[in-house]
Amino acid sequence: MESHRPLQAITLDLDDTLWPVKPALIHAEQVLSDWLAEHAPATAAGWFPPGNRRGVREALLAEHPQRAHDVSFVRSELLRRSLRAAGEDPALAEPAFEVFLAARQRVTLYADVVPVLQRWSQRYRLVAVSNGNADVERIGIGRFFSASVSAHALGVAKPDPRIYLEACRLADAAPAEVLHVGDDLHLDVRAAREAGLQAAWLRRPEFAHRQPDGAEAVDEAPFGDLAALDAFLHARERGVR
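Conventions we followed
Every chain's residues receive numbers from 1 upward, in the order its sequence appears when written. The predicted origin of the model limits local features to residues at a pLDDT of at least 70 and limits the giving and counting of side-chain atom pairs to 80 or more, whereas totals for whole chains, interfaces and linings rest on all residues. Based on all heavy atoms of the structure, the side-chain values leave hydrogens and waters out of the count. Each aromatic pair joins two rings of Phe, Tyr and Trp (for Trp, the six-membered one) with centres within 6.5 Å, and gets the label stacked for planes under 30 degrees apart, edge-to-face for over 60, and tilted for any other angle. Geometrically, a charge over a ring is one whose NZ (Lys) or CZ (Arg) sits within 6 Å of the ring centre while staying within 35 degrees of the ring normal. Under the DSSP-based scheme used, a helix requires at least four consecutive residues in state H or I and a strand at least two consecutive residues in state E, with every element numbered from the N terminus. By definition here, a helix of n residues has an expected span of 1.5 Å times n minus one. Contact between two residues is taken to exist if any of their heavy atoms lie within 4.5 Å; hydrogens are not considered. Here, a salt bridge means any side-chain nitrogen of Lys or Arg that lies within 4 Å of a carboxyl oxygen of Asp or Glu. Between buried and exposed lies partly exposed: a residue is buried under 20% and exposed over 50% of the maximum accessible area for its type, with that area taken using a 1.4 Å probe on protein chains only. As defined here, a cavity is a set of points on a 1 Å grid over the protein atoms alone where a 1.4 Å probe fits but cannot get out. A pocket is an open set with protein on both sides within 12 Å along at least five of seven lines, and residues line them when an atom is within 4 Å of a point. Grid points are joined across faces, edges and corners, and a volume is the space filled by probe spheres set on the points. Note on residue categories: nonpolar means Ala, Val, Leu, Ile, Met, Phe, Trp, Tyr, Cys or Pro, charged means Asp, Glu, Lys or Arg, and polar means any other residue, Gly included. The set of buried Ala, Val, Leu, Ile, Met, Phe, Trp, Tyr and Cys residues whose side-chain atoms join them within 4.5 Å is what this entry labels a nonpolar core. Two N or O atoms count as a polar contact when they lie within 3.5 Å, although within protein this holds only if one can serve as hydrogen donor and the other as acceptor, and sequence-adjacent residues are included solely when both atoms are side-chain atoms.

*Asks:* I keep staring at the packing of aromatic side chains and nothing clicks. Help me out?
*Replies:* Across all of its chains, the model carries one aromatic pair by this definition. When the ring centre of Phe73 is taken as reference, the NZ or CZ atom of Arg67 above it lies at 3.8 Å. Sitting over the face of the ring of Tyr110, Arg204 holds its NZ or CZ atom 3.9 Å from the ring centroid.

*Asks:* I tried to follow helix H5 (residues 93–104) on my own but got confused; where do I start?
*Replies:* Residues that lie three or four places apart on an α-helix share one face, since the helix turns once every 3.6 residues. Taking 1.5 Å per residue, 12 residues should reach 16 Å; H5 reaches 16 Å between its end C-alpha atoms and fits that length. Next to the buried residues of H5 lie helix H1 (21–39), helix H4 (71–85) and helix H7 (136–139).

*Asks:* Explain the pattern of salt bridges here, please?
*Replies:* Should the charged atoms of two oppositely charged side chains come close, the side chains can pair. Across all of its chains, the model carries 14 salt bridges by this definition. The salt bridge partner of Glu63 is Arg81, with a shortest N-O separation of 2.8 Å. Placement of Glu63 in helix H3 (residues 54–63) and of Arg81 in helix H4 is noted, with a sequence separation of 18 residues between them. Relative accessible area serves as the criterion here: at 48%, Glu63 is assigned to the partly exposed category. In this structure, Asp70 and Arg67 form a salt bridge, with 3.3 Å as the shortest nitrogen-oxygen distance.

*Asks:* Quick question: what am I supposed to make of empty space enclosed by the protein here?
*Replies:* Empty space among the atoms can be located by rolling a probe the size of a water molecule over them. Counting across every chain of the model gives one cavity of 30 Å³ or more. Its boundaries defined by the atoms lining it, the largest cavity holds a volume of some 40 Å³. Together, Asp183, Trp201, Leu202, Arg203, Phe207 and Arg210 line the largest cavity. Grouping the amino acids of the lining of the largest cavity by side-chain chemistry returns three nonpolar, no polar and three charged.

*Asks:* Quick question: what am I supposed to make of the layout of surface pockets here?
*Replies:* Looking at the largest pocket, its volume works out to about 440 Å³. Secondary structure elements with two or more residues in the lining of the largest pocket: H1, H3, H4 and H5. The volume enclosed by the second largest pocket comes to roughly 250 Å³. As for the second largest pocket, its lining consists of 20 residues, of which Ala134, Asp135, Ser148, Ser150 and His152 are closest to the centre. Taken together, the elements giving at least two residues each to the lining of the second largest pocket come down to strand E2 (125–130), H7, strand E3 (147–150), helix H8 (151–154) and helix H9 (161–171). Split by residue class, the lining of the second largest pocket holds nine nonpolar, eight polar and three charged.

*Asks:* Hey, could you run me through the nonpolar core in this one?
*Replies:* Most often, soluble globular proteins keep nonpolar side chains buried together rather than apart. Membership of the largest hydrophobic core comes to 31 residues, with the highest contact counts inside it found for Ile10, Leu12, Leu18, Leu117, Trp120 and Phe145. Those elements that provide at least two residues to this core are strand E1 (9–12), helix H6 (113–123), E2, H7, strand E4 (178–182) and helix H11 (226–237). At four residues, H6 tops the list of elements feeding residues into this core. Those residues in contact with Leu117 that lie beyond four places of it in its chain are Leu12, Leu18, Leu126, Ile141, Phe144 and Phe145.

*Asks:* Whenever I open this one, the side chain of Asn133 confuses me. Can you help?
*Replies:* Looking at where Asn133 falls in the secondary structure, it is placed in the loop between E2 and H7. In terms of polar contacts, Asn133 uses its side chain to reach the side chain of Ser72, at 3.2 Å.

*Asks:* I keep staring at H4 and nothing clicks. Help me out?
*Replies:* In this model H4 runs 21 Å from its N-terminal to its C-terminal C-alpha over 15 residues, within 8% of the 21 Å that 1.5 Å per residue would give. Within H4, 11 of the 15 residues are buried, which leaves it mostly tucked inside the rest of the structure. Along H4, the residues that are buried comprise Ser72, Phe73, Val74, Arg75, Ser76, Glu77, Leu78, Leu79, Arg81, Ser82 and Leu83. The elements touched by buried residues of H4 are H1, helix H2 (41–47), H3, H5 and H8. One or two steps after H4, the chain reaches Gly87, where phi turns positive at roughly 80°.

Now the structure itself:
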């Protein structure tokens, strides 16, 4: 990570940066499955496994390519269409989606997250930036953030530079004064830099197998956790290289 202007704000990706997303999604799918089995059994029979709804999803995205970034829209509409196809009330899509969304917020934060966010929130303005539908308020860490930017609310998703520029606007800082932290080398690191931000690649040890390939196979030193990045920033601020 290169040193530029002094930091005023930090933007943070959420899934696989502040918590592992896979366990949360598996749990949410199971909660939804149980709910559908009780309230819409015919739909439940066709909803799982996920391969059963692949064709419905493809048709949906073909009809609404401009909404492909909106994971909440895609899931709720998949539910609505699946309910209708099963001969059940499509109005159940809304409560079904809310059941899934609530369960999706039940994440297990990495151990370093709260201590580092506590320190950072006293030094910088923090903004959450996500293509997903995680909610830092519902998860319980909203007190550390001054704002959040989500793809489904803004209408564009990473790597579109507009999502980063909106985060900078909400942080009231110039892009060069903002550091973005995320786990995806393309969507987070490269895209943020192209938008004019500083960027740091956070690659947790459990994701060490996610090696960049092809044109992305370049020198990029990742940080193993937020604590390591925090130490780097602290040293940089003190003029230590």
